[in-house]
Amino acid sequence: MFDLLVIGGLGVDLRVHVPAIPPPAADSMTVPPIHARIGNTGSGVALAAHALGLRVALVDVLGADPAGAVVRAALARTSVHTVLADSPGGTRQSVNLVDPAGRRMSLYDPAPWTGADAPFDDDRLAALVRDATHVHVSIIDWARDRLPVLRAALPDGVALSTDLHDWDGQNPYHRPFAEAADLIFVSGVRLGADAPALAAALAPRTVLVTRGADGADLYPGDGTCHHVPATVPPAPVIDSNGAGDAFAAGLIAGRLAGGTVPDAAAHAARVAAAACTHDGMEYPPGLLPTR
């Protein structure tokens, strides 16, 4: 039995420190060392949840390539249970530009699934879902077609969450994930003033609209809205990449511990703030607050 099953979202981040975002126009620029490390959204949720003490399982595809080897090595340093299939399209990768304030811009290569068949059969996915207390689905291609299977396999009382990232509320790709979920995380970057209307349209689902240093807005699905203030990081901000994933993991952990959604969201803000003080997603013991 696992506390959290994360579906999809493994990849590698190439972190590049730049003087500003966007960087100055130039033919070339000298930067500090560029590191390839485990990244992308599913990794971020799984590793933060693992650091918070949850029993985590993760299912996804990975390429038999150097990027995939980076991911496998990082996961081997944890107790995260992995169910992996080889991806003929290779491993997802992102180039993350990080400015001196820790702000991030990601250039994302999704490495779409190119196999003739689905990477996992329905029975295997359903069995994994039935062994979890919470299921979190990343918005990756192969999982999109399996959403009905995942939803049907959910035991009573088990919630399904997803992170729609910078969805504008219109792109049809994201809609099936939103409709399958009980708990939705979405960035407010593109939603702007349309966030309340979107949350109302998605009710009775719980919607968290994250706004970085401005905190988050919680729509519990009953027509109300509660602002969740951001937490001041306990140390200088080094890298904000993965903060949203840590926020999701913190909220899930808070709910599984029996907290109300507002209390879990406040805890999630503390987790996200602490995550920003660390370089990368492999969090050392004690960095992320467990309560």
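One can find the structure itself at the top, above this paragraph.
Residues numbered from 1 in each chain as written. Predicted model: local features only at pLDDT ≥ 70, side-chain atom pairs only at ≥ 80, totals over all residues. Heavy atoms only, no water.

(A) Fine view of helix α7 (residues 195-202). What α7 keeps buried is the set A195, L198, A199 and L202. Seen from one end, α7 has its buried residues packed into an arc of 100 degrees, which puts them on one side. In α7, the exposed residues that point more than 90 degrees away from the buried face are A197, A200 and A201. Taken together, the buried residues of α7 touch α6 (175-180), β10 (183-187), β11 (206-210) and β12 (216-219). (Buried < 20%, exposed > 50% of the residue type's maximum accessible area, 1.4 Å probe, protein only. Helix = DSSP H or I, 4+ residues; strand = E, 2+ residues; numbered from the N terminus. Arc of directions from axis to C-beta. Contact = heavy atoms within 4.5 Å.)

(B) The environment of G215, seen in detail. Structurally, the position occupied by G215 is in the loop between β11 and β12. For G215, a relative accessible area of 8% gives the class buried. In the structure, G215 is positioned 12 residues away from H227 in sequence and 7.4 Å away in space, judged by C-alpha atoms.

(C) How the structure looks around the packing of aromatic side chains. Under the counting rule described, the total for this entry stands at three aromatic pairs. Between the aromatic rings of Y173 and F177, the centroid separation amounts to 5.8 Å while the plane-to-plane angle is 40 degrees, which identifies the pairing as tilted. When the centroid spacing of 6.3 Å and the interplanar angle of 85 degrees are considered together, the rings of F185 and F247 count as edge-to-face. Of the two residues, F185 is situated in strand β10 and F247 in helix α8 (residues 243-256); the sequence distance between them amounts to 62 residues. (Phe/Tyr/Trp six-rings, centres within 6.5 Å; stacked < 30°, edge-to-face > 60°.)

(D) Here's a closer look at the sheet that holds β12. Sheet architecture is open: nine strands sit in the order β5-β4-β1-β8-β9-β10-β11-β12-β13, paired in mixed fashion. In the strand order of this sheet, the two ends are held by β5 (81-86) and β13 (226-228), each with one partner. Direction aside, the axes of adjacent strands within the sheet are offset by 15 degrees on average. Sheet topology note: the β10/β11 ladder contains five bridges and is parallel. Among the inter-strand pairings, L183 is bridged to a residue of β11, identified as T206. (Pairing = 2+ DSSP bridges. Axes fitted to C-alpha atoms, helices over the stretch in contact; angles between N-to-C directions.)

(E) Quick look at the sheet that holds strand β6 (residues 93-98). A sheet is described by the order of its strands in space; here four strands give the open sequence β3-β2-β6-β7, paired in mixed fashion. The outermost strands of the open sheet, each flanked by one partner alone, are β3 (35-39) and β7 (104-109). On average, each strand axis in the sheet is inclined to that of its neighbour by 30 degrees, with strand direction left out of account. Across six bridges, strand β2 (residues 11-17) lies against β6 in parallel orientation. Directly across from D13, in β6, lies its bridge partner S94.

(F) Quick peek at unusual backbone geometry. Omega for the peptide link from I21 to P22 comes to -5 degrees, which places this bond in the cis form. With respect to the helices and strands, the residue P22 is situated in the loop between β2 and β3. Cis geometry marks the peptide bond from A203 to P204; its omega dihedral reads 15 degrees. Tracing the chain through its elements places P204 in the loop between α7 and β11.

(G) View of the environment of A67. For A67, the location among the structural elements is in helix α2 (residues 66-76). Through-space distance from the C-alpha of A67 to that of A203 is 39 Å; in sequence the pair is 136 residues apart. Sequence-distant contacts of A67, defined by excluding residues within four places in its chain, comprise V12, T91 and Q93.

(H) Spatial organisation of the pairing of β10. Of all five residues in β10, five are buried; the element is thus mostly enclosed. Both faces of β10 are covered, namely the face carrying L183, F185 and S187 and the face carrying I184 and V186. Here strand β9 (residues 159-163) pairs with β10 via three bridges, running parallel. Within β10, the residue paired with S161 across the bridge is L183.

(I) Region of interest: the packing of α8 against helix α9 (residues 261-275). It is the contact of α8 with α9, at a shortest axis distance of 7 Å, that shows an interaxial angle of 145 degrees. Relative to α9, α8 is oriented so that their crossing is right-handed. On α9, the residues that touch A243, A246, F247, G250, L251, G254 and R255 of α8 are V261, A264, A265, H267, A268, A269, V271, A272 and A275. Among the residues making up the contact of α8 with α9, the classes are represented as 12 nonpolar, three polar and one charged. (Left-handed = near helix turned anticlockwise from the far one by under 90°. Nonpolar A, V, L, I, M, F, W, Y, C, P; charged D, E, K, R; others polar.)

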